[in-house]
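Breakdown of the fold
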Amino acid sequence: MKTVQSVAIIFKDEHGQLLEITPDTWKTMLSYRQGNTAPEAGGLLLGRIILETGDAVVDEVTTPLPQDRRKRFRFYRSNHHQKILDKVWRLSSGTCNYLGEWHTHPEDYPTPSKVDWDNWRLKLLDPKNHYEMLFFIIIGEKAIRVWCGYRANASFSKMAEYGKENE
Ligand SMILES: [Zn+2]
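A brief structural summary. (Residues numbered from 1 in each chain as written. Predicted model: local features only at pLDDT ≥ 70, side-chain atom pairs only at ≥ 80, totals over all residues.)

**Topic: the overall build of the protein chain**
- When helices and strands are counted, the protein chain shows three helices and eleven strands.
- Expected size for 167 residues packed as a compact globule is a radius of gyration near 15 Å; at 15 Å, the protein chain falls within 12% of this value.
- Taken along the three principal axes of its C-alpha coordinates, the protein chain extends 40 × 35 × 30 Å.
- Here the protein chain holds 167 residues, and 31% of them are scored as buried.
- Taking contacts inside the protein chain between residues at least 6 apart in sequence as the whole, the part at least 24 apart equals 59%. (Helix = DSSP H or I, 4+ residues; strand = E, 2+ residues; numbered from the N terminus. Rg over C-alpha atoms; globule rule 2.2 N^0.38 Å. Buried ≥ 20, exposed ≤ 12 C-beta atoms within 10 Å, placed from the backbone. Contact = placed C-beta atoms within 7 Å.)

**Brief notes about the nonpolar core**
- The biggest cluster of nonpolar side chains holds 33 residues, and the ones touching the most others in it are Leu19, Leu45, Leu99, Phe135, Ile137 and Val146.
- The dominant element in this core, judged by the number of residues it contributes, is strand β8 (residues 133–139), at seven residues.
- When neighbours within four sequence positions are excluded, Ile137 is seen to be in contact with Met29, Leu45, Trp102, Ile144 and Val146. (Core = buried A, V, L, I, M, F, W, Y, C linked by C-beta atoms within 7 Å.)

**Regarding the pairing of strand β2 (residues 18–21)**
- Going residue by residue along β2, you find Leu19 and Ile21 tucked away on one face and Leu18 and Glu20 left uncovered on the opposite face.
- Where strand β1 (residues 9–12) lies against β2, four bridges are found, and the strand directions are antiparallel. Looking across to β2, one finds that Phe11 is bridged to Leu19.
- In this structure, the hairpin formed by β1 and β2 is closed by a connection of five residues, where Gly16 is found at a positive phi of approximately 85 degrees.
- Sheet topology note: the β2/strand β4 (residues 56–61) ladder contains three bridges and is parallel. Among the inter-strand pairings, Leu19 is bridged to a residue of β4, identified as Ala56. (Pairing = 2+ DSSP bridges.)

**Focus on the environment of Asp13**
- Looking at the secondary structure, you find Asp13 in the loop between β1 and β2.
- Separated by 72 residues in the primary sequence, Asp13 and Leu85 place their C-alpha atoms 26 Å from one another.
- The contacts of Asp13, once residues within four sequence positions are left out, are Cys148, Ser157, Lys158 and Met159.

**Regarding the environment of Thr28**
- You can see Thr28 is positioned in helix α1 (residues 23–30).
- As for Thr28 and Thr63, which are separated by 35 residues in sequence, their C-alpha atoms are 8.1 Å apart.
- Filtering out sequence-adjacent residues up to four positions away, Thr28 remains in contact with Val61 and Thr63.

**Comments concerning the environment of Asp55**
- Mapped onto the elements, Asp55 comes out in the loop between β3 (42–49) and β4.
- Overall, the presence of 16 C-beta atoms within 10 Å leaves Asp55 in the partly exposed class.
- Spatially, the C-alpha atoms of Asp55 and Thr22 are 13 Å apart, while their sequence positions differ by 33 residues.

Next up, the structure:
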């Protein structure tokens, strides 16, 4: 029997940085798990960093759009995601921002590819981004892995991972 996820999922890294993902957002990302045949999926993480604590909260994600190109082992995100982000940002009066990216991998325990690392580094170096850190999630078949990227020194730390046994 599967339990219904009703509490936020929380990840933590070795520096004590917390990332909280709201239940609906979590469910949305997990619904794109690839199984045996589905192509990769992905999108942007949208949310905020709480001023008092420095904790990050993902409130929303974008999901695959018709303009994206989805392959079994690659996901090419179109710039329509950026348009959604701009709209969400405006509607939230600037409180909902870009917090990073998520995508799926057709493997049990996902490992970032060289393309992933290169993309993530570019995001960290992009001066347009608002926060001092960004988060990168890969949804695998048996585990969900999250990396926190720090913009100050363009470094990454792996956050505690979430396995299927937790579901
Ligand atoms: Zn990847």
